[in-house]
Each structure stands twice: as C-alpha cells, then as structure tokens.
Amino acid sequence: MMKEERRFPTEAGILFGLGLGGFFDGIVLHQILQWHHMVTSAGYPANSVANLNLNTRLDGLFHAATYVFVVAGLSVLWRAAHRRHLWWSGKLLAGTMLMGFGIFNLIEGLVDHQLLGLHHVNETVPREQWIYWDIGFLIWDFIMLASGWLLFRSGRRRSPGEAV
C-alpha cells in the first residue's frame, strides 16, 4: 500500500481552521462583543443606521467567505474519506485546524487591522489603546499557529501514512 493512500488530508484541517478562525472573529468580535465591524475604522463608524447597515452587510459577506473555507474543507475531507485506508488522527486534525485558525487571523489582523486600517480588534477602548489589542490578537494568533504546528508534527511522527 502506498503512503499517499494513507496520508491525512492536511488541507482539509487547514481549510476548516481558516473558516473557524473567521467565524470566531465575525461571531465573537463583530456580533457578540461588538468591538468592531468590517469598516468601522475606514470612515464608517457604527454611529448611524446607514453605517451600521453597510458594516452589517460587509460582516455578512465576510461570514460568507469564511463559510466557503468550511465547505471546501468538508469537500477535501469527504474526498479523502473515500480512500480505503485513510489514516485518521485527532492530533493531525486539531493541529491543522489550529494552524488554519492562526493563519486566517494573522493575515486578517495584519491586513485589515494594520495595513488597511479597516477596523481594529477592540474599538470600544480609547483609540490610543487599540494597538495593544491588535498586538495581543496577533500574538494570540501566532501562538495558535505555533501550537497547531507542534501538534501536527507530533501527530505526523505517530502516523504510519505520513512522512516525517
């Protein structure tokens, strides 16, 4: 039996993690805590009905994009599951999902928060504190990515279908 036939579908876990990372940001930070919306720092603060409508629509498009990541992850996993001898590993799945979660939010934090300034992690605190929340978010995301990578590496060492 070829190793490729038993290989864990790493791409599926990363895609799931990308989607779940986006869902976490959109659901927890945008909706539940209402710390920011998609373009609240780009000239559309949530201080009028028109601005809130725009931000809500963009938040919805953001969720739709993260949903696509989850569907793509499910598709990759479904195709891989039809292999007769697929190696299933909780460590590999959790590790790749953490990696995807960290990757999504690192990129989103760097691009939307720092490069484009569309919004910041916590806009309910004084403006001079925003950078600390943004940096904390990036550190947290890097820890998620690094933890996922370590878990992934650990799972690969124990998986007969994976090359170390």
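Note that this is a predicted model, so its numbers are computed, not measured.

**Remarks on the packing of helix H4 (residues 90–115) against helix H5 (residues 130–158)**
- H5 packs onto H4 with a crossing angle of 155° between their chain directions and a minimal axis gap of 7 Å. In terms of their interaxial angle, H4 and H5 are classed as roughly antiparallel. Of the two possible hands of crossing, H4 and H5 adopt the one that is left-handed.

**With respect to helix H2 (residues 10–32)**
- Between its first and last C-alpha, H2 extends 31 Å over 23 residues, near the 33 Å set by a 1.5 Å rise per residue.
- Remark: Gln-34 follows H2 within two positions and exhibits a positive phi of approximately 55°.

**Quick look at the side chain of Thr-96**
- One can find Thr-96 in helix H4.
- We classify Thr-96 as buried; its relative accessible area is 0%.
- Separated by 2.8 Å, the side chain of Thr-96 and the backbone oxygen of Leu-92 make a polar contact.
- Excluding its chain neighbours within four sequence positions, the residues that come into contact with Thr-96 are Phe-8, Thr-10, Gly-13, Ile-14 and Phe-152.

**A word on H5**
- The end-to-end C-alpha separation of H5 is 43 Å, in line with the 42 Å expected for 29 residues at 1.5 Å each.
- Here H5 has its buried residues at Trp-130, Asp-134, Phe-137, Leu-138, Asp-141, Met-144, Gly-148, Phe-152, Ser-154, Gly-155 and Arg-156.
- Each element contacted by the buried residues of H5 is listed here: H2 and H4.

Basis of the calculations
Residues numbered from 1 in each chain as written. Predicted model: local features only at pLDDT ≥ 70, side-chain atom pairs only at ≥ 80, totals over all residues. Heavy atoms only, no water. Axes fitted to C-alpha atoms, helices over the stretch in contact; angles between N-to-C directions. Helix = DSSP H or I, 4+ residues; strand = E, 2+ residues; numbered from the N terminus. Parallel < 35°, antiparallel > 145°, perpendicular 65-115°, else oblique. Left-handed = near helix turned anticlockwise from the far one by under 90°. Expected span 1.5 Å × (residues − 1). Buried < 20%, exposed > 50% of the residue type's maximum accessible area, 1.4 Å probe, protein only. Polar contact = N/O pair within 3.5 Å; in protein donor to acceptor, adjacent residues only side chain to side chain. Contact = heavy atoms within 4.5 Å.

On their own, these measurements won't tell you what the molecule is for.
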